Amino acid sequence: MRLKKRDYVQNAVTMAKALLGMTLCRRLDDGSVLRARIIETEAYFGEEDTACHAHKGRTPRTDVMYMAGGHAYVYLCYGMHEMLNIVTGPADHPEAVLIRGIECATGPGRVTKAMRVSRALNRENMVSSKRLWIESDGKCTKFKASARIGIGYASRRDQSRKWRFIVTP
DNA sequence: TCACGGATTCGT
DNA sequence: CGAATCCGTGAT
């Protein structure tokens, strides 16, 4: 079943775990649909999380994270990689889940390449979009938690949080 | 207008 | 493990 708005309006850490095993769906311009099982995620939680892009407050870039859960936040990293995040939580509290891996593509840059996701989908409403959404079969998935990657700029405390989640076989 | 640096990737 | 890569962001 396709996720509804209420499914997205929850804590990003909870959502990051829940998204494991769910299916990321992408309809291309030619009508074909790409589907992939999500196997790795990371949570970014609010201005209090120094690893979160929104920790310095609301800016043109982070504005989308302040929208209600269910929107896509896509940005360019290292000048060359597009990153797909799912905005979660209530409006005005910036939270998001980075999709780090799908079956047959690990690494956030590879995920967007495989699923043909670009910044053109930034701010997309995944509740109503015909181009990007998520489906769940309701099943639980086992996973392991570890520290987030590539956040050396964050506080030691936030670097140590185990907010990276990977499906276990 | 411009200096800074990054939620990475790939090859060795 | 280290270099490539380069545009966007955010402040001036």
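Residues numbered from 1 in each chain as written. Chains lettered and ligands numbered in written order. Predicted model: local features only at pLDDT ≥ 70, side-chain atom pairs only at ≥ 80, totals over all residues. Heavy atoms only, no water.

Which residues make up the protein's contact with DNA strand C, and what are the values?
As a structural note, the neighbourhood of DNA strand C is formed by Thr-59, Pro-60, Arg-61, Leu-76, Tyr-78, Gly-79, Met-80 and Arg-119. Each atom of DNA strand C within 4 Å of the protein was classed as base or backbone; sugar and phosphate made up 84%. A distance of 2.8 Å separates a phosphate oxygen of DNA strand C from a polar atom in the side chain of Thr-59. Looking at the surface near DNA strand C residue by residue, the classes come out as 4 nonpolar, 2 polar and 2 charged. (Near = heavy atom within 4 Å. Polar contact = N/O pair within 3.5 Å; in protein donor to acceptor, adjacent residues only side chain to side chain. Nonpolar A, V, L, I, M, F, W, Y, C, P; charged D, E, K, R; others polar.)

How would you sum up the environment of Asp-63? Please name residues and give values.
Mapped onto the secondary structure, Asp-63 falls in the loop between strand S2 (33-45) and strand S3 (72-77). A sequence separation of 29 residues divides Asp-63 from Asp-92, and the C-alpha atoms of the two residues are 9.2 Å apart. In this structure the side chain of Asp-63 is engaged in a polar contact, spanning 2.9 Å, whose partner is the side chain of Arg-58. (Helix = DSSP H or I, 4+ residues; strand = E, 2+ residues; numbered from the N terminus.)

Requested: an account of the side chain of Glu-82, with residues and values cited.
You can see Glu-82 is positioned in strand S4 (residues 81-87). With relative accessibility at 17%, the residue Glu-82 sits in the buried group. The contact partners of Glu-82, leaving out residues within four places of it in the chain, are Val-74, Tyr-75, Leu-76, Pro-108, Gly-109, Thr-112, Val-117, Ser-118 and Arg-119. (Buried < 20%, exposed > 50% of the residue type's maximum accessible area, 1.4 Å probe, protein only. Contact = heavy atoms within 4.5 Å.)

Tell me about helix H3 (residues 108-115), residues and numbers included.
When H3 is considered as a whole, its buried residues turn out to be Pro-108, Gly-109, Val-111, Thr-112 and Met-115. Taken down its axis, H3 places every buried residue within 160° of arc, on the same side. Of the exposed residues in H3, those oriented more than 90 degrees away from the buried face are Arg-110 and Lys-113. Those residues of H3 that are buried are in contact with strand S1 (23-27), S2, S4, strand S5 (95-102) and strand S6 (105-106). Once H3 finishes, Arg-116 follows within two positions and takes phi at roughly 55°, a positive value. (Arc of directions from axis to C-beta.)

Could you give an account of the packing of aromatic side chains, with specific residues and numbers?
The geometry of an aromatic ring pair comes down to the distance between the two centres and the angle between the two planes. Taken as a whole, this structure holds 3 aromatic pairs when the rule is applied. Ring geometry for Phe-45 versus Trp-163: centroids 6.3 Å apart, planes at 75°, classification edge-to-face. Of this pair, Phe-45 sits in strand S2 while Trp-163 is found in the loop between helix H4 (156-159) and strand S9 (164-167), placing the two residues 118 residues apart along the sequence. Trp-163 carries the same exposure label as Phe-45, and that label is buried. (Phe/Tyr/Trp six-rings, centres within 6.5 Å; stacked < 30°, edge-to-face > 60°.)

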